[in-house]
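Spelled out from the first residue to the last, the chains are:
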Amino acid sequence: MDQEKKLPRRAMIKAAAISATAAFVGKVNLPATEQPTNDDPTKIQGTPPGKVGTRSPFEQPSKKASDISGRTPLQDLYGIITPSDLHFERSHAGVPAINPDKYELLIHGMVERPMIFKLKDLKRFPAISRIAFIECSGNFRSGKETMTPQEICGLTSQSEWTGVMLSTLFREVGVSPKATWFLAEGSDAAVMTRSIPVEKGWKDAMIAYGQNGEAIRPEQGYPARLFLPGWEGNMNVKWIRRIELSDQPFMTREETSKYTETIKDHKIRQFSFDMDARSIITYPSYPQEVEKGWIEIRGIAWSGRGKIERVEISTDGGKHWQYARLQEPVLDKAHTYFRYLWHWDGSPTEIMSRAVDDTGYYQPFLKQLIDARGAEMGGYHLNPVTSWLIERGGRVLFKPEKWK
Ligand SMILES: Nc1nc2c(c(=O)[nH]1)N[C@H]1C(S)=C(S)[C@@H](COP(=O)(O)O)O[C@H]1N2
Ligand SMILES: [Mo]
């Protein structure tokens, strides 16, 4: 590929100007993003350190934001951590600007001592860090062959989250043993509210204020969000301002009219918390191309119920399956990287991956989901096996399947 084509125009002009004076080694003082490339970088002084780092101008991954969400470019990533600026975002009423000095979290309802926590109060409690994913329950799209992993399922991302365990705050306020649910409420214009079983609060819920080593990003809920490992994205209330303990669910809009799923016999499933096990091959995938010979198939697998136990790969359209190698660390409720070395003989074929988690749950095919839930099934919690078609010349295409 001709890399010069990818350089921003301004950088190219500067590059031309500099190569004309390249003899003046040491005088070049351009930001790293505007640096010309040099055939011999040993002959020219590099850029001095900046206030923040920058991406190579040759790498331009983007979230391709729409009006309602920005999706992670899974096909451009290595490993299990999503760079914070590429973490997917879904906000029902935009990203609010919140002054951290004015931020307050109220915990009240069935508690001994209703309390208000400022951000600095939250940070005084013993903290924990945990690597885990967040996935939107509406994370499946299909339709055409020219779809990337980002377009098919880019509403999942993984960060190292830092914050205080909700159980710590529950003890601080003295949650009543009779409380069975709590309401989480955001301070954005959507005033997002969800009811959450109190056991999740005692078990592993966090109020997160850190993301990948720095303050949580505004798009992810700055200055603090609720983090519920493994549970559907929308319950992870961002910009959280209020928690109310109760002995029943609150039946908010988000859990009655929205975020419920039509299943068989005109029934509707409500409170479907867990994100089911899933995987996707991110290399090779559309729009990449491959050559005959050895190919390391790569991708991610994850489960909201536990650890990934194994990932099975088929390179012949599902006739035979082999085990992929799981890259350590294999963490609970976390994106797990897998690799499978494959020798492609150059003939057209179909490759796919299937995740199995440590509860024994098998990632289903789309047909199994339709059989289980009926043709009327809703668009949430769809985690089908994803297939890629490899054409004779090495072009890779998504294999879309009809479901509606
Ligand atoms: N306050 C508030 N919290 C929210 C939302 C919102 O619109 N407002 N969106 C929810 C949805 S639908 C999802 S999928 C996740 C997305 O988290 P992210 O934007 O950090 O990836 O946040 C959830 N929490
Ligand atoms: Mo979502």
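Small disclaimer: the values here were computed from a predicted structure and weren't measured.

Caption draft 1: Inspection of the pairing of strand S21 (residues 349–357) at higher detail. Counting buried residues in S21 gives nine out of nine residues, a clear majority hidden from the surface. A two-sided burial pattern is seen for S21, the buried positions comprising Thr349, Ile351, Ser353, Ala355 and Asp357 on one face and Glu350, Met352, Arg354 and Val356 on the other. For strand S17 (residues 308–314) and S21, the ladder comprises six bridges, and the chain directions are antiparallel. What sits directly across from Ser314, in S21, is Met352. Of the pairings in the sheet, the one linking S21 to strand S22 (residues 387–390) comprises four bridges and is antiparallel in character. If you follow Met352 over to S22, its bridge partner there is Ser387.

Caption draft 2: How the structure looks around the nonpolar core. Judged by nonpolar contacts, the single largest core of 36 residues is most densely connected at Leu122, Leu169, Phe182, Ile207, Leu226 and Leu245. Of all the elements in the fold, those that place two or more residues in this core are strand S3 (104–109), helix H2 (119–124), helix H4 (166–173), strand S7 (181–186), strand S9 (206–211) and strand S12 (240–246). No other element matches the four residues that H4 contributes to this core. Ranked by size, the runner-up nonpolar core spans 35 residues in total, among them Ile80, Ala324, Leu382 and Phe398.

Caption draft 3: The sheet that holds S17, seen in detail. The sheet built from five strands is open, its strands ordered S18-S17-S21-S22-S23 with antiparallel pairing. Looking along the sheet, the strands with just one partner apiece sit at the ends: strand S18 (322–323) and strand S23 (396–398). Of the strand pairs in this sheet, S17 and S18 are connected by two bridges, and their pairing is antiparallel. Each bridged residue has a counterpart across the sheet, and for Ile313 the counterpart in S18 is Gln322.

Caption draft 4: Summary view of the side chain of Thr162. With respect to the helices and strands, Thr162 occurs in strand S6 (residues 156–165). Residue class for Thr162 comes out buried when judged on its relative accessible area of 18%. Here Ser129 takes part through its side chain, which lies 2.6 Å from a polar atom of the side chain of Thr162. If near-sequence neighbours (up to four positions away) are discounted, Thr162 is found in contact with Ala127, Ile128, Ser129, Met206, Ile207, Ala208, Tyr209 and Gly210.

Caption draft 5: Looking closely at helix H7 (residues 366–373). Buried residues of H7: Leu366, Leu369 and Arg373, and no others. The buried residues of H7 all sit within an arc of 60° when viewed along its axis, so they share a single face. Opposite its buried face, H7 presents the exposed residues Lys367 and Ala372, each directed more than 90 degrees away. The inward-facing, buried residues of H7 contact strand S14 (268–269). Just downstream of H7 lies Gly374, where phi reads positive at about 90°.

Caption draft 6: Broad picture of the site of ligand 1. Around ligand 1, a shell composed of 20 residues is seen, among which Phe88, His92, Asp188, Arg225 and Lys238 lie nearest. Taking His92, its main chain carries an N or O atom lying 2.6 Å from an oxygen atom of ligand 1. Between ligand 1 and Asn236 there is a distance of 3.1 Å, counted from a nitrogen atom to a backbone nitrogen or oxygen. Protein chains bury 100% of the 530 Å² of accessible surface belonging to ligand 1 in isolation. Its residues assigned to classes, the shell around ligand 1 shows six nonpolar, eight polar and six charged.

Caption draft 7: Examining the sheet that holds strand S4 (residues 115–118) more closely. Strands sit in the order S4-S3-S12-S7-S8 across an open sheet of five strands; the sheet is mixed. Each edge of the open sheet carries a strand with a single partner, namely S4 and strand S8 (193–197). On average, each strand axis in the sheet is tilted by 20° relative to the strand beside it, whichever way the strands run. Bridging between S3 and S4 involves four bridges; their strand directions are antiparallel.

Caption draft 8: Molecular detail of the packing of aromatic side chains. Inspection of every chain in the model, using the stated rule, returns twelve aromatic pairs. Consider the rings of Trp321 and Phe365, whose centres lie 6.3 Å apart with planes at 70°: the pair is edge-to-face. One end of the pair, Trp321, is in the loop between S17 and S18; the other, Phe365, is in the loop between S21 and H7, and 44 residues separate them in sequence. Accessibility expressed as a relative area gives 26% for Phe365, which makes it partly exposed. With a centroid separation of 6.4 Å and an interplanar angle of 35°, the aromatic rings of Trp342 and Trp344 are classed as tilted. There is no split in this pair, since Trp342 and Trp344 are both buried. Cluster of aromatic residues (ring-pair linked, three or more members): Trp181, Trp231, Phe271 and Phe273.

Rules behind the numbers
- Residues numbered from 1 in each chain as written.
- Chains lettered and ligands numbered in written order.
- Predicted model: local features only at pLDDT ≥ 70, side-chain atom pairs only at ≥ 80, totals over all residues.
- Heavy atoms only, no water.
- Buried < 20%, exposed > 50% of the residue type's maximum accessible area, 1.4 Å probe, protein only.
- Helix = DSSP H or I, 4+ residues; strand = E, 2+ residues; numbered from the N terminus.
- Pairing = 2+ DSSP bridges.
- Core = buried A, V, L, I, M, F, W, Y, C linked by side-chain atoms within 4.5 Å.
- Polar contact = N/O pair within 3.5 Å; in protein donor to acceptor, adjacent residues only side chain to side chain.
- Contact = heavy atoms within 4.5 Å.
- Arc of directions from axis to C-beta.
- Near = heavy atom within 4 Å.
- Areas by Shrake-Rupley, 256 points an atom, 1.4 Å probe, with all protein chains shown as cover.
- Nonpolar A, V, L, I, M, F, W, Y, C, P; charged D, E, K, R; others polar.
- Axes fitted to C-alpha atoms, helices over the stretch in contact; angles between N-to-C directions.
- Phe/Tyr/Trp six-rings, centres within 6.5 Å; stacked < 30°, edge-to-face > 60°.

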